[in-house]
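Structural description and commentary
What follows is each chain in one-letter form.
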Amino acid sequence: VCFITGGLDCSISFVSHVLGKVCVHGWQKEILGVLVPHLTDLTKSDCIWQRICWQLVECVPDRWMEAVVLGFVQRAPGADVLSRLLGNLVVKNKKAQFVVAQKMLLLQYGHTTAVLQNLLGYLALDSGRRPLLLRVLQDLLETWSSSSAVKHSPAEQQLYISKAILICLSHLKEPEIASCRQELLTSMMEGVKCHLESSLPQLRRLGMVVAESISLNINTEGPVLKFEYEEDDETRELKSLLVQTPSFCVVPSLPDDDRSEKAGAALPLVPERNEKSYTAAPVKADEESDVELDSDDDLIPYDMSEDKELKLKAPMYIRDCIEVLTGSRSEDVDKWEATVKALESLVRRNPAATREVSVELAKILLHLEEKTCIEGFVELCQRAQVAVLTTDPIPVAKYLTSQFYSLNYSLRQRMDILDVLVLAAQELSCPKFHGKTKHSGVQKPCIQLLPGSDSSKGWRRIVEERIKSKTRRFDTGQSRVELASCPNEFNSVAGYFFFPLIQHFDRPLTTFDLLGEDHLVLGRLVHTLAVLMYLAVNTVAVTAMGKALLEFVWALRFHTDSYVRQGLLSCISSLLLSVPTEQILADMTEELLETQSWLGDVMEKDPDGDCRRLALQNLLLMENLKRKLEAVPS
């Protein structure tokens, strides 16, 4: 500094080389953690130190520029400080421009929101750097609106890019928006389309939030886009990025006298309004007093405090329910509501009557539309369908699985079929819970071995009571629900649920193409097959189901949708957990070796984090199976 103020030339290129080499060799955090705070203080009011700092970073060789620039961006306390430290480096140096405008925004996604705000705020603070901000926004929107990028990049990167877009929008001025309004509109329409087509709810919500923000900025006077979605912390954080928070916000304070005068002048406004309203009321009452004298206040009102709303009695028979649900008379709306609410319990109480009309009732419930606003209508219909399916599994399962691949059904109805199949399979395969709790330290009455026989009260009961009385217990333990022993009802019907769903997935219909644009339903189908496979443990058909499922997974293993790939990996987990180890080795050895190689590739290369986690989980399951086999004596 003394040389510069004295008018002498000096060079700091050696210091720049040292700084670059230290940063690139892994000491970036240590050296810049000390250097950046000192330079921040020195450049606050000294323009000479600003020039020194600019020269320091400009003289760093290109091969070390990335490490230095990245360290400055990460450790600067704000965009204004970063602008003082770097100056117009991104305009003068191509390598720095690539790092700031390309690599940190499009090729990396691990930086925090504060780093993004520093970086984009730095581009927006100088008129010479603002054209670069517009170019960055266009590149970000191009990536955000690319269907290939949405399919093949992880959700974390999509969130990172969405944050960068919203921060860029917050820095744009009206003339800049006007100059690129058409490009913004085109990117918005393409991007929201490919985001809404995604199977992941997070990506769909990201598309909605970004599209709303772009629409709000480009249509300042006309109508704007508005979507319905559930707000969470992530959504609120994204919306907050549209509002700039200045680094230094100085609020001028008023003197005490002026503040008290202005406060005194402002306070009477509300009481004055209240005073007018209170003074006007009595006048109105006097004018209407004569009218009130002519009213019927001498009549005593009828006491209706104990009246109760009459509840319409629900039908008592299944066929009556069918008549009510298929009727079209508008005056039977109350009876229709009562029928929908009572149908599930009626089906479970009358299994014999339900079996006579089970397929017809399933058809009615599948096509049933809501006539009135009933709370939980979708859940009521779903529970009634599950009750019908569990009461008469084979014919109803045949009907539902055949309708899944039929024409003239909406995607919502097809997904409802899958949900009903899963819920019914869970109910059929799981043992029933009875409300008893078993306490190990409390004596309970002896259970008769032969009901109605006096011989059961003999020696067995006496011996059990004697053992209990002489047993010393140190810990009674926690109470647990006692499971009633009952057969697995899903054993005999698992094939009717599973095989029809897996047969025709590759046959496109006019309005339904699982391997095309309807990949959301394909994802639900794959997850449904995984659940059915898991519930089929210890059933007769589990081996055949496992072989068919493995062929199905192998055909779709390279699907571009991450939700589908997650379902396929869940299918492998269900297969390994449900099919006996001996059957796996006897019938599927070669297929499993190929699957193991594929799982290794997924664990290393798949962009989706959940897919990598599931692949690792499956590899661990395979390793456990191998260890069990090695432990078994030959």
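Going by the structure above, here's the rest.
Residues numbered from 1 in each chain as written. Predicted model: local features only at pLDDT ≥ 70, side-chain atom pairs only at ≥ 80, totals over all residues. Heavy atoms only, no water.

**Details of the overall build of the protein**
- Along its length, the protein carries 33 helices and two strands.
- Here the protein, with 634 residues, has 40% of them falling under the buried criterion.
- The contacts in the protein between residues at least 6 apart in sequence include a share of 75% that link residues at least 24 apart.
- Carbon and sulfur atoms form 55% of the exposed surface of the protein, whose accessible area is close to 37400 Å². (Helix = DSSP H or I, 4+ residues; strand = E, 2+ residues; numbered from the N terminus. Buried < 20%, exposed > 50% of the residue type's maximum accessible area, 1.4 Å probe, protein only. Contact = heavy atoms within 4.5 Å. Areas by Shrake-Rupley, 256 points an atom, 1.4 Å probe, with all protein chains shown as cover.)

**Digging into helix 4 (residues 62-75)**
- The first and last C-alpha atoms of helix 4 sit 20 Å apart over 14 residues, in line with the 20 Å expected at 1.5 Å per residue.
- Within the span of helix 4, buried status applies to Trp 64, Met 65, Ala 67, Val 68, Val 69, Leu 70, Gly 71, Phe 72 and Val 73.
- Packed against the buried residues of helix 4 are helix 2 (13-42), helix 3 (47-58), helix 5 (79-86), helix 6 (89-92), helix 7 (94-107) and helix 8 (113-124). (Expected span 1.5 Å × (residues − 1).)

**A short note on unusual backbone geometry**
- Its identity is not glycine, yet Asn 408 carries a phi of approximately 60°, on the positive side.
- Relative to the elements of secondary structure, Asn 408 occurs in the loop between helix 24 (393-404) and helix 25 (411-429).

**Overview of the environment of Ser 574**
- Relative to the elements of secondary structure, Ser 574 occurs in helix 30 (residues 562-578).
- According to the relative accessible area criterion, Ser 574 is buried, its value standing at 8%.
- Separated by 44 residues in sequence, Ser 574 and Asn 618 have C-alpha atoms that sit 9.5 Å apart.
- When residues no more than four places from it in sequence are discounted, the contact partners of Ser 574 are Ala 530, Met 533 and Tyr 534.

**Some thoughts on the packing of aromatic side chains**
- For the coordinates displayed, the defined rule picks out six aromatic pairs.
- For the ring pair Phe 404 and Phe 512, a centre distance of 5.8 Å and an interplane angle of 90° mean the geometry is edge-to-face. Of this pair, Phe 404 sits in helix 24 while Phe 512 sits in the loop between helix 27 (494-503) and helix 28 (519-535), placing them 108 residues apart in sequence.
- A relative accessible area of 3% means that Phe 512 is categorised as buried.
- Feature note: the residues Phe 404, Tyr 405 and Phe 512 constitute an aromatic cluster, connected by ring pairs.
- Its end group placed over the ring of Trp 64, Arg 63 keeps NZ or CZ at 4.3 Å from the ring centre. (Phe/Tyr/Trp six-rings, centres within 6.5 Å; stacked < 30°, edge-to-face > 60°. Lys NZ or Arg CZ within 6 Å of the ring centre and 35° of its normal.)

**Quick word on a negative patch on the surface**
- A surface patch of negative charge is lined by Glu 551, Asp 587, Glu 590, Glu 591 and Glu 594.
- At three residues, helix 32 (residues 589-605) tops the list of elements feeding residues into the negative patch.
- Within the secondary structure, Glu 590 is located in helix 32.
- Judged by relative accessible area, which is 62%, Glu 590 ranks as exposed. (Patch = residues over 30% accessible without salt bridge, like charges linked within 9 Å, V, L, I, M, F, W, Y side chains within 5 Å. Salt bridge = Lys/Arg side-chain N within 4 Å of Asp/Glu carboxyl O. Lys, Arg positive; Asp, Glu negative; His and termini not counted. Charge placed at Lys NZ, Arg CZ, Asp CG, Glu CD.)

**Observations regarding the nonpolar core**
- Counting residues in each nonpolar core, the largest one holds 88 residues, and the members touching the most others are Phe 404, Phe 490, Phe 497 and Leu 525.
- Here the element with the most residues in this core is helix 28; it accounts for nine residues.
- Both domains that furnish three or more residues to this core are identified here as domain 3 (313-389) and domain 4 (488-631).
- Sequence-distant contacts of Phe 497, that is, excluding residues within four places in its chain, are made with Leu 389, Pro 393, Ala 397, Thr 401, Leu 421, Ala 424, Ala 425, Leu 428, Phe 490 and Leu 532.
- With 77 residues, the next largest nonpolar core counts Leu 132, Val 150, Leu 200 and Tyr 563 among its residues. (Core = buried A, V, L, I, M, F, W, Y, C linked by side-chain atoms within 4.5 Å. Domains from an automatic or database assignment.)

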